[in-house]
Structures are given as structure tokens and as C-alpha cells.
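Architecture at a glance
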Amino acid sequence: MLKIENLSLAIAASNGDKPAVSDVSFELVPGRVLGLVGESGCGKTLTAQSILRLGEHQGIKRSGGRILLDEQDIFTMPEAQLRKVRGGRISMIFQEPMTALNPVFSIGAQLVEVIRLHLDLSRQATEERAAALLADVGLQDGKTLLTQFPDALSGGMRQRVLIAMAMAAHPDYIIADEPTTALDVSVQARIIDLLRKLQRDQQLGMLLVTHDFGLVAELADEVAVMYAGQIVERGSVHEIFEQPAHPYTRALMHCRPEMAEKGKELPAISGQVPAPGDWPTGCRFAARCPLANQACTQPVSENAWANDKHVARCVHVDAITGTKTTETKNSEACT
Ligand SMILES: Nc1ncnc2c1ncn2[C@@H]1O[C@H](COP(=O)(O)OP(=O)(O)O)[C@@H](O)[C@H]1O
Ligand SMILES: [Mg+2]
């Protein structure tokens, strides 16, 4: 299991470290998909990248918590072992297929490099594996493709190549950060179908970062909703869609009756998301929340309410759930 426990991250700045992600916890389980949703800038990418310690060279630091891969903390893992984990046990698919491939190396060279790094195969077996991987991701004529350079490929093809690279070493977990956002609408659905197929066939544990609630409804088993650097609610897709417990989740859902429609962005909610470092001591959603009162000025921890797998970071959680008045109030928060 891959367990993120009370993770906090900070961004190094000349005037001191700025907190960016606070007390985030979730688990990835083989064979299951966790959808991580939230408005732009809330910390999804920082969280996703930190699982492989990818933000460190940009000054992103862990300020608290742990990331446990089979009980071992990724933050204290020796460098050599971390290199094996990256792409070996845990792979990442980025939002930007245009920049994630190196333009000066052929597709074949880049794919072979990943296979060599992780698998101990003969030269011929490596080449066969490269061609087979391309076929697995739906790319025809692998032999020709291996000799081509990234700029000869469309965005959708590049994303397929990156997915092939991510699958090269039979990972257990895959982190997909908005994997279709940069692609043409016409190819998005096909890439999602491919990811879903690979995830199911190979029983991968997947973190799907997205701002598309419809995609989460379709693909994920569990959801974590992020707001201003915190997870404000998490639980099974069924429970969160049937009975959202946090006013932010409810606002997102009530703003969008057609929320289960694929390809739609999260709705606008009136008011501003506080920037990293400008967070209030109490609930970070309070300034936009129709239920905010004095109780919300104190720090809020994650409260389990229906069961310990469905938690919400809200002091009003018991009062909210199942009440009609709350729904009306929340829909007033929509713009
Ligand atoms: N390398 C960085 N240096 C400074 N600020 C950053 C860096 N990466 C992200 N941030 C800031 O951290 C916040 C969270 O960013 P990010 O995780 O990319 O959000 P999301 O993926 O949810 O849109 C944003 O305010 C963003 O501007
Ligand atoms: Mg992002």
C-alpha cells in the first residue's frame, strides 16, 4: 500500500518558507482509483509530485508527515532506491505531453532507456518489450515509431508514448496529473479509456488528479476534495456523490446539477480562494461558506462522520448532513 500520512509541504522563498500543502492524508491501494479534485492552485500537483519527491529541485520541501511505500518512508529512502521506485514501483503521467518527452532523443531511445533502468533484459528482449508497450497503448507500426522524434507526433500520440513509458517496468501505482487536460477534446476520451483499461488489467493503484468531477464519477473508487492546501473531504465516490458532507464539496455539486457530465470544469463559487500562506487559522473555506460562524475560527481537524473512511474537515459536519436548508444555502454560494 502507498500511504500519505499528514503530509505538509512548503515552498522555499527568500523571505522564509511558505506553507503550500497541509496535513494531507490518503491511501492508494492496488486495483483502486483515487480521484483528487479541487480548484486550480489548491495544491494537487504539489501533492502528486511529492509522492516521488519530484518538486525538491524547485524548492518544495516536506514540512511534516510521511509517505509510506510498504512501510518505508519515501522521504528518507536512499537515492539509489528512490530511483528504482520512480518508474519502477510508482509511475507518473504528467499533464503536458509536449514537454515531458525529450525532443532530441527518438521515441525508441527514450523508451529503451526506461526499460533498461528497471528491467534486466537482453538487447533483443528490450526492443521487443518497447514494441509491445507501444502496441499495448494502441500505437500501430511500433517499429517506425521507435525511430521517430517527439515533434513528429500529435499530442495524443505523445501522451500514449508517455503512458507506455510509465507502464514499462510493471509499476504497482500510477499517478496521473490531469492526463488529458492539454489534449484535444476528441482524443481525451480515448486516452481515458486506455488508462482505465491498463489500470484494470494490471490492477494498478491510481491517483487521478483532475478538475473534472464527471471523470471522477466515472473512473474513481474514492475521492479526495482539496481546498487551499488541505483535503476537506474524502471517502468513496458513492458516499461523496450521494451525501457530500463538506460545504465546499456541496457547493461544488449543487452549483452543477449536471456534474456527472464528463469534460465540464468545476463550477465557480463566489469569493476568492486564499493563496498559500494567506490562510486563516480556522477553516480555510469560512470566508466563502454560508454556514461560517464563530466556531469556524478555530483550526479544524478531519472528522469522521458516517464511517471512518468518509471524513470531512468541518465543525458543522453533523448538522449539515441530510438537511435541506444547507443545500439551499449552498446553492446561494454559486455565481
Ligand atoms: N515551484 C513552485 N514555486 C512557487 N510556487 C509554487 C510552485 N509550485 C506550485 N506553487 C504554488 O503552489 C500552489 C499550489 O500549486 P499546484 O499544486 O500546482 O496547484 P494545482 O495543481 O492544484 O493547480 C499554487 O499557488 C502555486 O502557485
Ligand atoms: Mg496541477
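Residues numbered from 1 in each chain as written. Chains lettered and ligands numbered in written order. Predicted model: local features only at pLDDT ≥ 70, side-chain atom pairs only at ≥ 80, totals over all residues. Heavy atoms only, no water.

**Remarks on the pairing of strand β4 (residues 60-69)**
Within a regular strand, the side chains alternate between the two sheet faces. Under the convention used in this document: For two strands to be treated as a pair, DSSP must find no fewer than two bridges joining them. Each helix is a run of DSSP H or I of at least 4 residues and each strand a run of E of at least 2, with the numbering of both proceeding from the N terminus.
Here strand β1 (residues 2-11) pairs with β4 via eight bridges, running antiparallel. Directly across from A10, in β4, lies its bridge partner K61. Two successive antiparallel strands, β4 and strand β5 (residues 72-73), enclose a turn made up of two residues, where D70 displays a positive phi of approximately 45°.

**A closer look at the layout of surface pockets**
The criterion, for reference: Put simply, the grid is 1 Å and covers the protein atoms alone, a cavity is a trapped set of points that fit a 1.4 Å probe, a pocket is an open set with protein on both sides within 12 Å along at least five of seven lines, and lining residues have an atom within 4 Å of a point. Grid points are joined across faces, edges and corners, and a volume is the space filled by probe spheres set on the points. Amino acids outside the nonpolar list (Ala, Val, Leu, Ile, Met, Phe, Trp, Tyr, Cys, Pro) and the charged list (Asp, Glu, Lys, Arg) are all regarded as polar, and Gly is one of them.
Within this model, the largest pocket holds a volume of roughly 620 Å³. Residue lining of the largest pocket: 21 residues in total, with R86, G87, F94, V114 and M165 positioned closest to the centre. Counting residues per element, the lining of the largest pocket draws most heavily on helix α4 (residues 107-118), at five residues. Its boundaries defined by the atoms lining it, the second largest pocket holds a volume of some 410 Å³. Lining the second largest pocket are 18 residues, and of these F26, E27, E222, R234 and K309 sit closest to its centre. The set of elements that each furnish at least two residues to the lining of the second largest pocket consists of β1, β2 (18-28), β9 (222-227) and β10 (230-236). Across the lining of the second largest pocket, the residue classes break down as six nonpolar, three polar and nine charged.

**Examining the pairing of strand β8 (residues 205-210)**
We count it as follows: Partly exposed describes any residue whose relative accessible area lies between the buried limit of under 20% and the exposed limit of over 50%, with all areas from a 1.4 Å probe on protein chains only and scaled to the type maximum. A crossover gets the label right-handed when its path from the first strand over the helix to the second runs clockwise, viewed with the strands pointing away from the viewer.
In terms of residue burial, β8 counts as a mostly covered element, since six of its six residues are buried. Across the two faces of β8 the burial is the same, with G205, L207 and V209 and M206, L208 and T210 all buried. Strand direction decides the pairing type here: strand β3 (residues 33-37) and β8, joined by five bridges, are parallel. Across the sheet, G35 pairs through a bridge with L208, a residue of β8. With five bridges joining them, strand β7 (residues 173-177) and β8 adopt parallel strand pairing. Directly across from A176, in β8, lies its bridge partner L208. Once you follow β7 into helix α8 (residues 185-201) and on to β8, the crossover reads as right-handed.

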